[in-house]
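# Architecture at a glance
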Amino acid sequence: AARIGAFSTHTAHPEVVAELQDILISLLGFNLSISNPFLYMTKAEVISNAVKLFGKKLSLSTSCWRGSRVSGGMKHCGECVPCIVRRIAVEKNNLLLNEYDRDLFVEEISALPDDDRGKRNLVELMEFIEYFGGRYTDTVIESAYPELTNRCIDKASAVSMYKRFSKEAKVVLSRYPKIKSLL
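Description of the structure in this document. (Residues numbered from 1 in each chain as written. Predicted model: local features only at pLDDT ≥ 70, side-chain atom pairs only at ≥ 80, totals over all residues. Heavy atoms only, no water.)

## Regarding the packing of helix H4 (residues 117-135) against helix H6 (residues 155-173)
In plain terms, the rule: For helices, the fitted axis covers only the stretch in contact; all axes are lines through C-alpha atoms, and the angles between them, taken along N-to-C directions, range from 0 to 180 degrees. Starting at the N terminus, helices and strands are each numbered in turn, a helix being any DSSP run of H or I of at least four residues and a strand any DSSP run of E of at least two. The scheme is simple: roughly parallel for angles under 35 degrees, roughly antiparallel for over 145, roughly perpendicular for 65 to 115, oblique for anything else. By definition, turning the near helix anticlockwise from the far helix through less than a right angle yields a left-handed crossing, and turning it clockwise yields a right-handed one. Contact definition: two residues touch when any of their heavy atoms are within 4.5 Å. For this classification, Asp, Glu, Lys and Arg are treated as charged, while Ala, Val, Leu, Ile, Met, Phe, Trp, Tyr, Cys and Pro are nonpolar and the rest, including Gly, are polar.
In contact at an axis separation of 8 Å, H4 and H6 are set at 120° when each is read in the N-to-C sense. Relative to H6, the element H4 is oriented oblique. Of the two elements, H4 crosses H6, and the hand of that crossing is left-handed. Two secondary-structure elements touch here, H4 through Leu 125, Met 126, Phe 128, Ile 129, Phe 132 and Gly 133 and H6 through Val 159, Tyr 162, Lys 163, Phe 165, Ser 166, Ala 169, Lys 170 and Leu 173. Residues belonging to the contact of H4 with H6 are distributed by class as follows: ten nonpolar, two polar and two charged.

## As for the packing of aromatic side chains
The relative placement of two aromatic rings is captured by the distance of their centres and the angle of their planes. The cut-off we apply is this: For Phe, Tyr and Trp, rings pair up if their centres lie within 6.5 Å, where Trp contributes its six-membered ring, and each pair is then called stacked (planes under 30 degrees apart), edge-to-face (over 60) or tilted (otherwise). Here's how the labels work: a residue is buried when its accessible area is under 20% of the maximum for its type, exposed when over 50%, partly exposed in between, all with a 1.4 Å probe on protein chains only.
The full count for this structure, using the stated rule, is nine aromatic pairs. Ring plane angle 40° and centroid distance 4.7 Å describe the contact between Phe 128 and Phe 132, whose orientation is recorded as tilted. Separated by four residues within a single helix, Phe 128 and Phe 132 lie in helix H4, roughly one turn from each other. Residues Phe 128 and Phe 132 agree in their burial class; the two are buried.

## Here we look at helix H3 (residues 81-92)
What counts, and what does not: By this rule the span expected of a helix is its residue count minus one, scaled by 1.5 Å.
An ideal rise of 1.5 Å per residue puts 16 Å on twelve residues; H3 measures up with 16 Å between its terminal C-alpha atoms. The element H3 is extensively covered by neighbouring structure, given that ten of its twelve residues are classed as buried. Listing the buried residues of H3 in full gives Pro 82, Cys 83, Ile 84, Val 85, Arg 86, Arg 87, Ile 88, Ala 89, Val 90 and Glu 91. Each element contacted by the buried residues of H3 is listed here: helix H2 (43-54), H4 and H6. Residue Asn 94 follows H3 closely and has a positive phi angle near 60°.

## Comments concerning the nonpolar core
Heads up, the condition is: We call a set of buried residues a nonpolar core when its members are Ala, Val, Leu, Ile, Met, Phe, Trp, Tyr or Cys and they connect through side-chain atoms within 4.5 Å of each other.
Ranked by internal contacts, the top residues of the largest apolar core, which has 25 residues, are Ile 88, Phe 105, Phe 165, Leu 173 and Ile 179. Among the elements of the structure, H3, H4 and H6 are those that each provide at least two residues to this core. When residues no more than four places from it in sequence are discounted, the contact partners of Ile 179 are Leu 104, Phe 105, Ile 109, Leu 122, Met 126 and Leu 173. One finds Ile 47, Leu 58, Val 90 and Leu 97 within the second-largest nonpolar core, a separate group that totals eight residues.

## Quick notes on the pattern of salt bridges
Inclusion rule: Whenever Lys or Arg places a side-chain nitrogen within 4 Å of a carboxyl oxygen from Asp or Glu, that contact is recorded as a salt bridge.
Here the structure, examined in full by the defined rule, presents 13 salt bridges. Ionic pairing is found between Glu 130 and Arg 135, a salt bridge with its closest N-O pair at 3.2 Å. When the shortest N-O distance is used, the salt bridge between Lys 155 and Glu 142 registers 3.1 Å. Pair noted here: Lys 155 is in helix H6 and Glu 142 is in helix H5 (residues 138-144), with a separation of 13 residues, a long-range link. Each of Glu 79, Arg 102, Glu 107, Asp 116 and Arg 117 takes part in a single network of salt bridges with overlapping partners.

Printed below as a string of structure tokens:
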């Protein structure tokens, strides 16, 4: 149950990893280093080898915030941020999986009500993509995303990763006419 929802990935946040490292150093009495080799990689970069090795078997994994509550035999709702990011990553690696309860990418987004969960998540993600997509300077990005200034985060590496993600997302989303017009 603790792995459901928006907080399920906070255990991998650089601050949590650094705190765990400090706790273990104190408890064990010797220096050690805990690192996340995927920290500054996009999801598409992380799964690229898995797609090559396992292809459609990737559908056996789950990224959805609500995956355990999705009906109809699907594993992904298709409208939460992890589903959207997963789909971008999978399709960037030229794999199409029919695993989403809702195919938000083919819907008429502008016609959906403002309180539609999928619309809200997609629009917010597209705003994020816009910030890191080359239109704004790093100074403007830092101002919009102050959480990048953190002792546990290499700001330049994080910004670079988000810029790569933005390019990947634009490539994938531009394949969908109803979304492409919103980019």
